[in-house]
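# Observations on chain architecture
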Amino acid sequence: MSKLRILVPVKRVIDFAIKPRINKAGTGVEKKGVKFSINPFCDIALEESLRIREANKGLVEQIHAVSIGPTKAQDVLRTALAKGADSTTLIDVGEEEIEPLSVAKMLQKIVEKEKSNLIILGKQAIDDDANQTGQMLAGLLNWPQATNASKVEIEGDQVTVTREVDGGADTLSAKLPMIITTDLRLNEPRYASLPNVMKAKKKPLEKLKASDLQIELTNRLEILKVEEPPQRDAGVKVESVDELIAKLKELKAI
Amino acid sequence: MIRSLLRSTASRSFVCNYSSKAVPLTAETYSSKVSRNPSFKKLDETDIKHFQTILNDGNGLITDADDLLFYNEDWMRKYRGQSQLVLKPKSTEQVSSIIKYCNEQKLAVVPQGGNTGLVGGSNPVFDEIIISLSGLNKIRAFDEVSGILKCDAGLILENADNFLAEKGYIFPLDLGAKGSCHVGGNVATNAGGLRLLRYGSLHGSVLGLEAVLPDGTIYNSMESLRKDNTGYDLKQLFIGSEGTIGIITGVSILCPSRPQAFSVALLGVSSYEAVQKVFVGARKELSEILSAFEFMDRNSQVLAGQHLKLDHPIESDQYPFYILIETSGSNKEHDDEKLETFLANSMEEGLVDDGIIAQDETQLKSLWSWRESIPESSTMNGGVYKYDVSLPLKDLYGLVEAVNVKLQEAGIVGFDDPTKPVVEAIGYGHVGDGNLHLNVCVREYSKEIEKVLEPFVYEWIQSKNGSISAEHGLGFQKKNYIGYTKNDVEIKLMKELKKHYDPNGIMNPYKYI
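Residues numbered from 1 in each chain as written. Chains lettered and ligands numbered in written order. Predicted model: local features only at pLDDT ≥ 70, side-chain atom pairs only at ≥ 80, totals over all residues. Heavy atoms only, no water.

As annotated in an unreviewed UniProt entry, chain B is D-2-hydroxyglutarate dehydrogenase, mitochondrial from [Candida] railenensis. If you open the UniProt record of chain B and go to Sequence similarities (unreviewed entry), you find "Belongs to the FAD-binding oxidoreductase/transferase type 4 family." (UniProt positions renumbered as here; feature names shortened; annotations may be inferred.)

Per an unreviewed UniProt entry, chain A goes by Probable electron transfer flavoprotein subunit beta and derives from [Candida] railenensis. Word for word, the UniProt comment on chain A under Subcellular location (unreviewed entry) is "Mitochondrion matrix". Under the heading Subunit (unreviewed entry), UniProt records this for chain A: "Heterodimer of an alpha and a beta subunit."

As structure tokens, this is what we get:
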């Protein structure tokens, strides 16, 4: 039975509790003075890797977290360390948005470097909602993948993943190495405990550039415009059922 | 889409814990203490007709018995009045006309904001007319340079704060009931809340008020400046007056710049001694960024856990005391560095046994919920006797211990024993302000419990030179107990003042002093 070396990619995004706003130029989302946190799905991925370690004594050799983003992305790596990751890598790509394919290519290099045999990552990041990185990485590595996991079980080299699909559950099974992307209901992430926050300060945080991995960053898409959805019109109050029916008819709803 | 889906779990509101049992009438429960003042007129059809002409709006009057219940009862389900009429004026002029008429006719009134009070101050005792300020809910003006907000009294605190957040400012008051309570009610009761430690009392931040006096006169100091030393500072009379000398209709308040970064930590400590030491350390090391320092005892957390249906976030063990620390400042890295260094030192010194730090906005909110949900949790088993007291810090928790001993001696307390009327006395509160909330959680309200608690609690407080009401006010509950905190001269001056402004005594009668 091989020991697990888990890789958890984590992305720094605008905190999900904060309402994002479009910048004045209409080219993207305003990032100045806004709170950033770990992407919730990545947080769930990290939590799952920690639970695997806790549930299977001695099975997990390493949990390595990696983030691709600006220098500040080290904050989410610190969070990952504080919650229990062993080591981290920051690939500093500056402020530019990186497309999923480039991300997957960089992750492929990290997988090789860290000799990972299980990758658990969020099914998507809540900033671009792309939902592509896990699948692309599986393609590049030619590994089996189980997306949108709501339950993960490990027995020896065999990993069983349950996915919530329309009308029920879909159960997949594959041998390591493999890729799992996490859905919302997989688990509920923990808090960072004070002793772990202290310990995290002493854990390793490796910093790389894309060029260190021999990856050239090229975006294939161009953002033309970012717009807010149209405002919903205010509703009308009616006094009686008759008036309601009249209104609905007037609006050609019935 | 994903974002909004995730967010749906994050919002919280002030939930009432309604059971089917009817709340007994205040007039019956306390029949030995209070009787209706016969000089007040009883409401008749002519009065209602007159109010209709003033309000000129079909929705402005509530006379339906079921609809009245919401206004007659308090959220703790401890008090229930018998008012036959709720008026919802939409302008200060309407409030003025109503009050003028009531004064002439000797109709007693009770002003009501969000009805989230804790001492029965906003509910009628007998048949007083309820004047709800909920229709006066507009923001009048905001100055983005000075940070001065002018608004109607009926504006909901959370709406005020959300409006200010858009402009980069913060309301200098925050409390658990923010989703329901009104700004005017906050001022009328001089609410303290969670951030008094940082932003001070409303006596400092309120710059001016608009209020209707008992004869219908409109007092207006809304245009006041930050510094103005001309004459008596009359607005101060209305702050904390609980609607006894006038109805506040407008508030002008100075709002501080909204902090860019908040951090929250929840700590477990092993003694009240340690709570005090951590507080001293926090003030010293966190100094200007410290914005809240709350403590909670073990049983308050057990009850909160049952109410929230969650496991406590500090998993390692149960601790006798918990501390919630909030910092707020302009630079997250700077604040976190300070907070983490402080917490590391406290742990090394053995003051803090375990703790957690919120890593994102959601965790921050859920850590706060372990403090903010205690008031609701304490009513969960049936009801709660609330005492909100100021005490010297060293004696703060001593009151909770003394009360539990007293309840044990009386043999009426059992945390897991449903045959006992009392669940437990729990303590929590704002250590930073020397303010303890003693909540005696009960399975039912009864004279027997009340006899054990009162006047014992008040005498205990008096013996330590504390105050019997730190922030909840006097209302109906503490009307007869002001003497434990104020001396005869003070009380005499207050009574004279009341008589001067409200000679007929129509404003919120049977309460306060």
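### Some words on the overall build of chain B
The helix and strand inventory of chain B stands at 19 helices and 16 strands. The C-alpha atoms of chain B give a radius of gyration of 23 Å, which matches the 24 Å a tight globule of 513 residues would have. Taking all 513 residues of chain B together, 57% fall into the buried category. Counted over contacts in chain B with a minimum sequence separation of 6, partners at least 24 positions apart contribute 75%. A total of about 21200 Å² of accessible surface is found on chain B, and carbon and sulfur atoms cover 50% of it. Separation between the mean location of the 52 positive side-chain charges and that of the 67 negative ones in chain B comes to 5 Å. (Helix = DSSP H or I, 4+ residues; strand = E, 2+ residues; numbered from the N terminus. Rg over C-alpha atoms; globule rule 2.2 N^0.38 Å. Buried < 20%, exposed > 50% of the residue type's maximum accessible area, 1.4 Å probe, protein only. Contact = heavy atoms within 4.5 Å. Areas by Shrake-Rupley, 256 points an atom, 1.4 Å probe, with all protein chains shown as cover. Lys, Arg positive; Asp, Glu negative; His and termini not counted. Charge placed at Lys NZ, Arg CZ, Asp CG, Glu CD.)

### Quick word on the domain arrangement of chain B
Residue and element names in this part refer to chain B. By the assigned domains, chain B splits into domain 1 (139–254), domain 2 (261–374) and domain 3 (381–472). Between domain 1 and domain 3, the contact holds eight residues from the first and four residues from the second. For the domain 1 and domain 3 pair, buried surface summed over both sides reaches about 430 Å², with 47% attributable to carbon and sulfur atoms. Looking only at domain 1, the three residues that lose the most surface to domain 3 are Gly 193, Leu 196 and Leu 197, adding up to 54% of its buried area. On the surface where domain 1 and domain 3 come into contact, there are zero salt bridges. (Domains from an automatic or database assignment. Buried area = accessible area lost by both parts, 1.4 Å probe. Salt bridge = Lys/Arg side-chain N within 4 Å of Asp/Glu carboxyl O.)

### Observations concerning the UniProt feature "domain: FAD-binding PCMH-type" (unreviewed entry) in chain B
If you check UniProt for "domain: FAD-binding PCMH-type" (unreviewed entry), the listed places come out as residues 79–258 of chain B in our numbering. Taken end to end, residues 79–258 of chain B has its terminal C-alpha atoms 38 Å apart, with 23% of it in helix and 21% in strand.

### So, the packing of aromatic side chains
All names here are of chain B. Under the counting rule described, the total for this entry stands at 23 aromatic pairs over all chains. Arranged with centres 5.2 Å apart and planes meeting at 25°, the rings of Tyr 219 and Phe 238 form a pair that is stacked. One end of the pair, Tyr 219, is in strand 8 (residues 218–220); the other, Phe 238, is in helix 10 (residues 235–238), and 19 residues separate them in sequence. Across this residue pair, the class does not change: Tyr 219 and Phe 238 are buried. Arranged with centres 6.0 Å apart and planes meeting at 55°, the rings of Tyr 272 and Phe 321 form a pair that is tilted. With a gap of 49 residues between them, Tyr 272 in helix 11 (residues 272–285) and Phe 321 in strand 12 (residues 321–329) connect regions that are remote in the sequence. Both residues of the pair, Tyr 272 and Phe 321, belong to the buried class. Three or more aromatic residues joined by ring pairs form one cluster here, namely Tyr 272, Phe 295, Phe 321 and Tyr 397. (Phe/Tyr/Trp six-rings, centres within 6.5 Å; stacked < 30°, edge-to-face > 60°.)

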